[in-house]
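Each chain, written out:
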Amino acid sequence: MNKESNLYTFLFAIIMVLVVGTVLAVTSEVLQPRKKQNAADKKMIDILSAIGVDATRNNAKEKYTEYIYDASIIDYKGNLIEGSAFDIDVLFQYRDKTLLPEDKKYPMFKARKNNSEYTIIPMVGSGLWGPVWGFLALEKDYNTVYGAVFDHEKETPGLGAEINTDFFEVPFKGKKIRNSLGQFVSIEVKKGGADKGSKHQVDGITGGTITSDGVAAMLENTLEIYNNYFSRINFSLNDTIIQSLNNNIE
Amino acid sequence: MKSFFTKQHQKLIADPMGDQNPITIQVLGICSALAITTQLENALVMTLAVIFVMTSASSIISLLRNHIPNRIRIIVQLLVVASLVALVDQILKAFLPDASEQLSVFIGLIITNCIIMGRLEAFAMGNKLWESFLDALGNAFGYGWILVAVAFVRELFGSGKLMGYEIPGFTYLYDLGYMNNNLMILPPMALVVVGLIIWMQRSKNNDLIEEN
């Protein structure tokens, strides 16, 4: 057949594409379970890092089952809903601009470490160049921060990218998301440094203001929703306390 | 056996490592050399990926060279390179997830690495399988050793580590007031380090210096 004819050219192209397409499709299918497992391991490592547990890809699953004893999903208003919390991809939900906050699902993970219980919340928001995300662990009072980890896709190295370092993350420990009156105030990432003794502020990053603001906005937007759930739980906690007090009086 | 690895064959490998180096002499594939050389490990993974893609692509194109219709030859080359890169990306995601995360888009960008397309069009389209394979291997190594050298310097002076491990002697240096140079982590320093290699290379071989 004439190598330069149109028919030959078309046939060659069609055969090439079929061969290549088949090879790639088969590889992708074969490797799918491994890729899924890797993504799941990574998520477990991230969740555990919020309560200060270092896991590696080798022992992620083991440690996850050791520390995380429950996972649940809430809706926008703070009602518990059915479903598998671990399988919810908050970053994916965040990127889907057609999803309203009301339509999204909000997972949370309950951890037990040294006989204390913590609630771990995944967060996602926008930095300067791309998404930022993180996990926040709250103590049993659903108010005090036990630990926080952040990460980003492509923030500026040395500036905004510093949100995933200890110097930014550690000060979150001990901060409170509600004020003394029980009102939700979130945690502010303050430019120029947090006020001394403030329970609701941490230092922002010099030169990384937009990333810092992005983290603050992410905290506020996310915690506001979870707070709907927390305040409900706290009320019922208070009720039981009052009830037991009453019982004692009787 | 003699005809299997002649002087000419040696030259195919040796030239791109030195006086025909794709990065320092031909200034191809610079973008990835700047972007992924902050850590030695990434540079090594990238080098392995490029070696695999280049040798396979050159071999495949060389085998097909008498059958590829001239009018769509660039598209065919691109198709072969792109699918090999997609393959590498899948394999990394499955078996080296951390490296894959670090290298992220740069694996995909191997497709646009000028060295690969350049060698396919200039060499593999007109030469036999064995020669094309050696030529690709030489160029991939030529690209790789620069990458590794730059990454070595940048990780050592930028983070005080190699392959992600702390250097034991550095703790004494820190006590003496030595500090890691954060500038090393930023892209401009990759350019400077590549520039230094070019300088060394040209001062050793004056033939490489252009007259103007």
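Rules behind the numbers
- Residues numbered from 1 in each chain as written.
- Chains lettered and ligands numbered in written order.
- Predicted model: local features only at pLDDT ≥ 70, side-chain atom pairs only at ≥ 80, totals over all residues.
- Heavy atoms only, no water.
- Helix = DSSP H or I, 4+ residues; strand = E, 2+ residues; numbered from the N terminus.
- Buried < 20%, exposed > 50% of the residue type's maximum accessible area, 1.4 Å probe, protein only.
- Contact = heavy atoms within 4.5 Å.
- Areas by Shrake-Rupley, 256 points an atom, 1.4 Å probe, with all protein chains shown as cover.
- Lys, Arg positive; Asp, Glu negative; His and termini not counted.
- Charge placed at Lys NZ, Arg CZ, Asp CG, Glu CD.
- Rg over C-alpha atoms; globule rule 2.2 N^0.38 Å.
- Core = buried A, V, L, I, M, F, W, Y, C linked by side-chain atoms within 4.5 Å.
- Salt bridge = Lys/Arg side-chain N within 4 Å of Asp/Glu carboxyl O.
- Pairing = 2+ DSSP bridges.
- Phe/Tyr/Trp six-rings, centres within 6.5 Å; stacked < 30°, edge-to-face > 60°.
- Lys NZ or Arg CZ within 6 Å of the ring centre and 35° of its normal.
- Patch = residues over 30% accessible without salt bridge, like charges linked within 9 Å, V, L, I, M, F, W, Y side chains within 5 Å.

Visitor: Residue-level account of the overall build of chain B, with values.
Guide: Scanning chain B for helices and strands turns up 10 helices and two strands. With respect to the three principal axes, the spread of C-alpha positions in chain B is 65 × 45 × 40 Å. Counting across all 212 residues of chain B, residues that qualify as buried make up 45%. Summarising the internal contacts of chain B: among those between residues at least 6 apart in sequence, 75% fall at separations of at least 24. Total accessible area on chain B stands at roughly 11000 Å², and carbon and sulfur atoms take up 67% of it. Across chain B, the centroid of the 13 positively charged side chains sits 12 Å from that of the 15 negatively charged ones.

Visitor: Tell me about the overall build of chain A, and name the residues and values.
Guide: Across its full length, chain A holds five helices and eight strands. Listed by position from the N terminus, the elements making up chain A come as α-α-β-β-α-β-β-β-β-α-β-β-α. For 250 residues, the compact-globule estimate of 2.2 N^0.38 gives 18 Å, and chain A exceeds it by more than 25% at 24 Å. On the principal axes, the C-alpha backbone points of chain A span a range of 100 × 45 × 35 Å. Split into buried and exposed, the 250 residues of chain A put 42% on the buried side. A total of about 14000 Å² of accessible surface is found on chain A, and carbon and sulfur atoms cover 56% of it.

Visitor: Which residues make up the environment of V53 of chain B, and what values go with them?
Guide: All names here are of chain B. Residue placement: V53 occurs in helix α3 (residues 40-64). Accessibility expressed as a relative area gives 0% for V53, which makes it buried. Sequence separation of V53 and A86 is 33 residues, and the distance between their C-alpha atoms is 9.9 Å. Among all residues touching V53, those that are not within four sequence positions of it are V81, L84, V85, V88, I110 and I116.

Visitor: Break down the nonpolar core for me, citing the residues and quoting the values.
Guide: Grouped together as the largest cluster of nonpolar side chains are 49 residues, with contacts concentrated most on I23, V53, I61, I107, I110 and L147 of chain B. Looking at this core, the elements with two or more residues in it are α1 (6-50) of chain A together with α2 (30-35), α3, α4 (73-95), α5 (97-103), α7 (114-122), α8 (129-159) and α10 (187-204) of chain B. Counting residues per element, this core draws most heavily on α3 of chain B, at 11 residues. If we skip the residues at most four places from it in the chain, L147 of chain B touches I23, A33, I36, T37, A43, M46 and T47 of chain B. Formed by 29 residues, the second largest nonpolar core is a distinct cluster that contains I74, Y106, F150 and F168 of chain A.

Visitor: Summarise the pattern of salt bridges; cite the residues concerned and give the values.
Guide: In total, this model carries 10 salt bridges over all chains according to the counting rule given. Across the pair K11 of chain B and D15 of chain B runs a salt bridge, and its minimum N-O distance is 3.1 Å. Linking K11 of chain B with D15 of chain B, this pair stays in helix α1 (residues 7-17), spanning four residues, or about one helical turn. Take D15 of chain B: its relative accessible area is 26%, and that puts it in the partly exposed class. Residue D89 of chain B pairs with K93 of chain B through a salt bridge whose shortest N-O separation is 3.3 Å. Of the two residues, D89 of chain B and K93 of chain B are both situated in helix α4; the distance of four residues between them amounts to about one turn of the helix. Judged by its relative accessible area of 21%, D89 of chain B falls in the partly exposed class. By relative accessible area, K93 of chain B is classed as partly exposed at 39%. Ionic contacts of the salt-bridge type, sharing partners, join the residues K42 and D46 of chain A together with E101 of chain B into one network.

Visitor: Residue-level account of the sheet that holds strand β5 (residues 131-138) of chain A, with values.
Guide: Residues and elements named next belong to chain A. Within the open sheet, the six strands sit side by side as β2-β1-β3-β4-β5-β6. Their pairing is antiparallel. Each edge of the open sheet carries a strand with a single partner, namely β2 (80-81) and β6 (145-152). With six bridges connecting them, strand β1 (residues 68-74) and strand β3 (residues 106-113) associate as antiparallel partners. Pairing of I74 across the sheet is with Y106, part of β3.

Visitor: So what's going on with the packing of aromatic side chains? Which residues, and what values?
Guide: For any two aromatic rings, the description comes down to two numbers: the centre-to-centre distance and the angle of the planes. Residues and elements named next belong to chain A. Summed over all chains, the structure comprises 13 aromatic pairs over all chains. An angle of 75 degrees between the planes, with centres 6.5 Å apart, marks the rings of F86 and F109 as edge-to-face. Of this pair, F86 sits in the loop between β2 and α3 (90-95) while F109 sits in strand β3, placing them 23 residues apart in sequence. Relative to F230, the ring of Y142 lies with its centre 4.7 Å away and its plane at 20 degrees, an arrangement referred to as stacked. With Y142 in the loop between β5 and β6 and F230 in helix α5 (residues 209-249), the pair connects residues that are 88 residues apart, well separated along the chain. Like Y142, the residue F230 is buried in the burial classification. Each residue in the set Y106, Y142, Y226, Y229 and F230 is aromatic and connected to the rest through ring pairs, giving one cluster. Taking the ring centre of Y94 as reference, the NZ or CZ of K97 above it sits at 4.9 Å.

Visitor: An account of a nonpolar patch on the surface is requested, with residue identities and associated values reported.
Guide: Residue and element names in this part refer to chain A. A cluster of nonpolar side chains, namely M1, L7, L11, I15, V19 and V23, defines an oily patch on the protein surface of about 600 Å² accessible area. Relative to the helices and strands, L7 is located in helix α1. With relative accessibility at 56%, the residue L7 sits in the exposed group.

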